[in-house]
Amino acid sequence: MFNPFKKKYSKKELDLIAFLAQTRHFEKLDEDELALFLPYMYLRDYQQDEVVFFTGDPSHALYIIKRGSVSLSIDVNDRFEQLAEAYRGQVFGDNSLLESAKRIYTTVITSEKAELYVIPQINLLEILNDHPEVRAKVMTAFSEVYNEYTTQLFKTYKSHFGFFELSKVYLGRV
């Protein structure tokens, strides 16, 4: 049924909503829920080899790649070991969903240029706190991503048994 009071979005807003809907952390949200994030999505330009953040930095923002690519790396024995390369539509810095979290990897731009949407943690958490249904959907997606990471960690550990002690990952906590 036609609702004459339903919010109308501009072409630019609809394009941004469609882009956001294609990302893992936001794919479960409907149009109006996605629109909540639009006022807080800041587009930033980066150049090749520019660092977005370092390991240990406070997790003050979530990033979504509009254009370009970034490397996610950890510092191992004074050199960087690449964990992954991220491209258009991928989210990184997602531990910004957790208050007081620190970055666990370093992120560097690998393409000649990159455009990243940045959503400040304060705005992200405000939306999640004010909209429990949005929080539930985003945190479910967040949990699914981390479940995939854990599954891959265990699979890799099993295929390289003895490379490290898996119990050190859990530090005796379950």
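See the structure above.
Description of the structure in this document. Since the model is a prediction, treat every value here as computed from it, not as a measurement.

### A word on the sheet that holds strand β8 (residues 113-120)
No. 1: A sheet is described by the order of its strands in space; here four strands give the open sequence β1-β8-β3-β6, paired in antiparallel fashion. The open sheet has two free edges, formed respectively by β1 (42-47) and β6 (91-92), since each of these has just one partner strand.
No. 2: Pairing of strand β3 (residues 61-67) with β6, which is carried by two bridges, proceeds in the antiparallel orientation. The partner of Ile64 across the bridge, within β6, is Val91.

### Remarks on the sheet that holds strand β7 (residues 106-109)
No. 1: Spatially, the four strands line up as an open sheet ordered β2-β7-β4-β5, and their pairing is antiparallel. At either margin of the open sheet sits one strand with a lone partner, and together these are β2 (51-53) and β5 (79-86). Strand-to-strand twist across the sheet, computed as the mean angle between neighbouring axes with direction ignored, equals 35 degrees.
No. 2: Pairing between strand β4 (residues 70-76) and β5: seven bridges, direction antiparallel. Bridge pairing links Ser73 to Gln82 in β5.

What counts and what doesn't
Residues numbered from 1 in each chain as written. Predicted model: local features only at pLDDT ≥ 70, side-chain atom pairs only at ≥ 80, totals over all residues. Heavy atoms only, no water. Pairing = 2+ DSSP bridges. Helix = DSSP H or I, 4+ residues; strand = E, 2+ residues; numbered from the N terminus. Axes fitted to C-alpha atoms, helices over the stretch in contact; angles between N-to-C directions.

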